[in-house]
Each structure stands twice: as structure tokens, then as C-alpha cells.
Amino acid sequence: MTTEDTVITRRDGRVGRILLNRPKALNALDLDMIHALSRALLAWRDEPHVHAVVIEGAGDRAFCAGGDIRALRDGQLSGNRAAVDAFFTEEYALNLLIADYPKPYIALIDGFCMGGGIGVSVHSPHRVATEHAMFAMPETAIGFFPDIGATYFLPRLPGQLGVYLGLTGLRTTGADAVYAGFATHYTPRAQLPALSAALAEQGLAALAQFAAPLPPFTLAADRAAIDHCFGADSVPEIMRRLEAEDGAWTGPVVKAMRQVSPSALAWTLKALRRGADLTLKQALAAEFALTKTAMVHPDFAEGVRAMVVDKDRQPKWQPARIEDVDPVSIDAMFG
Ligand code: QUE
């Protein structure tokens, strides 16, 4: 058994257990945590007595709410590109390690699961969400883009749901997350400790045994309209289609699209369309390249300032309007 401050790893019978243990920061991943996760997975990969890995978040508010974007902003502003590169290199390598892991890796997701938290769960075939799970890829709100392999998996969600969720950053709760594809099983929070224990005793069979019936998909009625609006090939055209819809569903969607970074919407749409034709490994490499051009844009430092550092939620985007984003400058970011 090894105990580290922010990631606790231990053997429990046939499983290796990982607890993300920074509950005050909603278990957001810093570089030390990413290293601890990678070390544990590499050690257990070659340990014959470990048959599966179970990952959970400490506390009842979050599985993992993202990455250490405050540190990334500091690195960007101080010109410490090496520190920024190290973070993304290690994080994306961990995402790929999980995708390629030869043993079952089971994420038990209760509370927030956003950004980097999705990166340490969605690439595995086994993701359990509770009724308190809350999934989102909210990076356009900080002038960034959905990374951690999101440019691979969002375009593979049903229809245009992934583009809708990746552009707006809107949240998807428990059961909806199973329909959308963020989770594979739905188990009530009250049953999670029993499921976790059963995984160590009986392995993957416990997943079906503890799965609860799914309530209906709340987005079902809007799916066709979402596919139509978010199937457009530019952000201004998506806005025109949304504003031409008469369903009540577009109110919060248009509001979200008008709040986030207009430039980030443009580079995110382009990255998601490109990711549809890439492997996960290629998508992560393309994301790494895009971190270099997206982070020098002023909207990244400003977005993290407004949403995470000062929390005034009043970012001053450049440009301020979707209609004023220059497509040529966005294309230039993709090399
Ligand atoms: C948009 C985001 C993130 C965010 C807020 C947004 C994000 C992220 C965090 C975050 C959460 C908990 C922490 C922390 C950062 O907040 O990606 O340091 O403890 O990681 O509006 O994309």
C-alpha cells in the first residue's frame, strides 16, 4: 500500500484502488496527481494479482472537476511553456494509457465529472454514473477547447450531441449521461459503496448486478433539432439555426453560446470536426498542438481569470461577438 496526499492507491484483493483525494478542489488533477495515477496504472499493469482497477473521487461533491487550469494560466502568463507542455504531455499520455489498459478499469462517478475528470474515465469501457453525477466539457467558458481526447469522443456521441455539449459546455446529469455516452451504467449513490466492494469480490459481473433502470432521456424530444442546428459548418450558422428554432430548448443554449468565448467556439468546432476522422492517439496529438496556439490567445488567460481566479464571471472576450471572429485567423491556428 502506498499513500500519497492527493491520490491514494491501494490493493484490495483482486483490484487496485485509486482514490482522487483533493476534495476541497473538487479532486481536480494537478501534475503530481497525474504522475501518481500513471505510476499506479503502470505498476498494476504487470502485477498478476491485480485483475482490475477501480477509481473513485473523495467526498460527495465530485469525481474530478478538471485540471489545474490556474497553474496552466500562471505558466502561460510567466512564459513557462515547459511547465505547461509537461502538464498536457503527462495528462494526455495518461488518457491514452487508460484507453489502452489491458485490464478492466472502472470509474465510479458521483458528483462533478468535468474536463480532466472525463479524461480519466471516458476512455475506459466501464463508467458508472449515479443520480448525482454531473458531466460537462466547459472549456469554451475559459477560452480553451475540450481536450483530454474530447475531440475524439465528442464527435462519436449520437448525432451532434457531442458538438452541442462541447460548444455550449452545458451539463448532463446521471441518466442522461448514459444516453449521451459519458457513462455506461447507472447506479444510485446509495448503492455505490456496495458496488465498489462487490467489484473486488466478483469483478465486472457486479456492474450489471448493481445497474438501476434508466429514467427517460430528457433530451430525446430535442435530438432532431440539436442535430440540425449543430450540424452546421460554422458557429454563426449554428447561431442562425438556433435563433430560427421555436422550441423552448434553445433559450439556455443560445444564452450559453453567447456567454462563452466566441473565438473558442470557432476553434472548438473546427477541432471537433477534424477529430471525427482521427484515432484517439492522433486526436491527442492534434490537441497538444492546439494547446500551443489556443493558450497564447488572450481569451484563455482572461477566461480562467473570470471563471476560476477572480470568479467575477464577466470575461472580456476578444473579439466580443461571434460574428466578429475572423475564420482565417482560426484556420491559421491549426497549422
Ligand atoms: C470551465 C472550465 C473549468 C473550470 C471552470 C470553468 C476547468 C477546471 C476547473 C477547475 C475546477 C476545480 C478546481 C480547479 C479548476 O474549473 O476546466 O482548480 O479546483 O479544471 O468555467 O473548463
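This text goes with the structure placed above it.
The present account deals with the structure reproduced in this document. (Residues numbered from 1 in each chain as written. Predicted model: local features only at pLDDT ≥ 70, side-chain atom pairs only at ≥ 80, totals over all residues. Heavy atoms only, no water.)

What to know about the site of the ligand
Thought 1: Ala 25, Ala 28, Ala 65, Gly 66, Gly 67, Ile 69, Pro 138, Glu 139, Ile 142, Met 307 and Val 308 make up every residue found near the ligand.
Thought 2: A distance of 2.8 Å is found between an oxygen atom of the ligand and a backbone nitrogen or oxygen belonging to Ala 25.
Thought 3: Take Gly 67: an N or O atom from its main chain is 2.9 Å from an oxygen atom of the ligand.
Thought 4: In the complex, the protein chains occlude 82% of the 460 Å² of accessible area that the ligand would expose alone.
Thought 5: Among the residues forming the shell around the ligand, the class breakdown is eight nonpolar, two polar and one charged. (Near = heavy atom within 4 Å. Polar contact = N/O pair within 3.5 Å; in protein donor to acceptor, adjacent residues only side chain to side chain. Areas by Shrake-Rupley, 256 points an atom, 1.4 Å probe, with all protein chains shown as cover. Nonpolar A, V, L, I, M, F, W, Y, C, P; charged D, E, K, R; others polar.)

Points about helix H6 (residues 161-168)
Residues three or four positions apart in an α-helix share a direction because the helix packs 3.6 residues into each turn.
Thought 1: Most of H6 is tucked away, with eight of its eight residues classed as buried.
Thought 2: For H6, the full list of buried residues reads Leu 161, Gly 162, Val 163, Tyr 164, Leu 165, Gly 166, Leu 167 and Thr 168.
Thought 3: Buried residues along H6 sit in contact with strand S10 (172-173), helix H7 (174-180), helix H10 (223-230), helix H11 (235-244), helix H12 (250-259) and helix H13 (262-275).
Thought 4: Remark: Gly 169 follows H6 within two positions and exhibits a positive phi of approximately 75°. (Buried < 20%, exposed > 50% of the residue type's maximum accessible area, 1.4 Å probe, protein only. Helix = DSSP H or I, 4+ residues; strand = E, 2+ residues; numbered from the N terminus. Contact = heavy atoms within 4.5 Å.)

Some words on the packing of aromatic side chains
Thought 1: Tallying each qualifying case throughout the model produces nine aromatic pairs.
Thought 2: For the pair Phe 135 and Phe 182, a centre-to-centre distance of 5.5 Å together with 15° between the ring planes defines the contact as stacked. Linking Phe 135 in strand S9 (residues 134-136) with Phe 182 in the loop between H7 and strand S11 (185-186), this pair joins segments that are 47 residues apart in sequence. Summarising the burial analysis for this pair, Phe 135 and Phe 182 share the class buried.
Thought 3: With a centroid separation of 4.5 Å and 35° between ring planes, the pair formed by Phe 144 and Phe 145 is classed as tilted. (Phe/Tyr/Trp six-rings, centres within 6.5 Å; stacked < 30°, edge-to-face > 60°.)

Remarks on the packing of helix H2 (residues 69-77) against helix H15 (residues 298-309)
Geometry of a packed helix pair, given as the angle between the helix axes and the separation of the axes.
Thought 1: Interaxial distance between H2 and H15 falls to 10 Å at its minimum, and their mutual angle equals 145°. Where H2 crosses over H15, the two elements pack in a sense that is left-handed. Contacts between H2 and H15 involve Ile 69, Arg 70, Leu 72, Arg 73 and Leu 77 from the former and Phe 300, Ala 301, Val 304, Arg 305, Val 308 and Val 309 from the latter.
Thought 2: Among the residues making up the contact of H2 with H15, the classes are represented as eight nonpolar, no polar and three charged. (Axes fitted to C-alpha atoms, helices over the stretch in contact; angles between N-to-C directions. Left-handed = near helix turned anticlockwise from the far one by under 90°.)

Examining the packing of H10 against H11
Thought 1: Where H10 meets H11, the axes come as close as 8 Å, and the angle between the chain directions of the two elements is 145°. In this structure, H10 contributes His 228, Cys 229 and Phe 230 to the contact, and H11 contributes Ile 238, Arg 241 and Leu 242.
Thought 2: The residue makeup of the contact of H10 with H11, split by class, is four nonpolar, one polar and one charged.

A few points about the nonpolar core
Thought 1: Counting 94 residues, the largest nonpolar core has Leu 20, Phe 135, Phe 182, Phe 230, Leu 242 and Met 257 as its most contacted members.
Thought 2: In terms of residues, this core owes the most to one element, helix H3 (residues 81-99), which gives eight residues. (Core = buried A, V, L, I, M, F, W, Y, C linked by side-chain atoms within 4.5 Å.)

A look at H12
Thought 1: Three or more residues of H12 are buried, namely Thr 250, Val 253, Val 254, Ala 256 and Met 257. Angular distribution of buried residues about the axis of H12 spans 160°; they occupy a single face of the element. H12 presents Pro 252, Lys 255 and Gln 259 as exposed residues on the side facing more than 90 degrees away from its buried surface. (Arc of directions from axis to C-beta.)

Quick word on the layout of surface pockets
Thought 1: Taken as a whole, the largest pocket holds about 1400 Å³ of empty space.
Thought 2: Lining the largest pocket are 44 residues, with Met 114, Pro 138, Met 307, Val 308 and Arg 313 positioned closest to its centre.
Thought 3: Of all elements in the fold, only H2, H3, strand S7 (112-114), H12 and H15 reach the threshold of two or more residues within the lining of the largest pocket.
Thought 4: Tallying contributions element by element places H12 first for the lining of the largest pocket, with four residues.
Thought 5: Across the lining of the largest pocket, the residue classes tally to 24 nonpolar, nine polar and eleven charged.
Thought 6: Considering only enclosed or pocket space, the second largest pocket measures out at about 290 Å³ in volume.
Thought 7: Asp 233, Ser 234, Val 235, Ala 266 and Pro 327 are, among the 16 residues lining the second largest pocket, the residues nearest its centre.
Thought 8: Here the lining of the second largest pocket takes six residues from H13, the largest share from any one element.
Thought 9: Taken together, the residues of the lining of the second largest pocket sort by class into ten nonpolar, one polar and five charged. (1 Å grid on protein atoms, 1.4 Å probe; cavity = no way out; pocket = protein on both sides within 12 Å on 5 of 7 lines; lining within 4 Å. Points joined across faces, edges and corners; volume = space filled by probe spheres on them.)

Regarding the sheet that holds strand S5 (residues 62-64)
The pairing of strands in a sheet comes from backbone hydrogen bonds and takes either a parallel or an antiparallel form.
Thought 1: With respect to topology, four strands assemble into an open sheet ordered S5-S7-S9-S10, the strand pairing being mixed. A single partner strand is all that each edge strand has here, and the edge strands are S5 and S10.
Thought 2: Taken together, the three bridges between S7 and S9 define a ladder with parallel strand orientation. Note that in S9 the partner of Met 114 across the bridge is Ala 136. (Pairing = 2+ DSSP bridges.)

A closer look at unusual backbone geometry
Thought 1: Geometrically, the link from Gln 318 to Pro 319 is a cis peptide bond, its omega value of -5° lying close to zero.
Thought 2: Within the element layout of this structure, Pro 319 appears in the loop between H15 and helix H16 (327-332).
Thought 3: Even without being a glycine, Leu 26 presents a positive backbone phi close to 55°.
Thought 4: Judged by its relative accessible area of 18%, Leu 26 falls in the buried class.
Thought 5: Here Lys 311, not a glycine, exhibits a phi torsion of approximately 55°, which is positive.
Thought 6: Position of Lys 311 relative to the elements: it lies in the loop between H15 and H16.
Thought 7: What makes Lys 311 exposed here is its relative accessible area of 54%.

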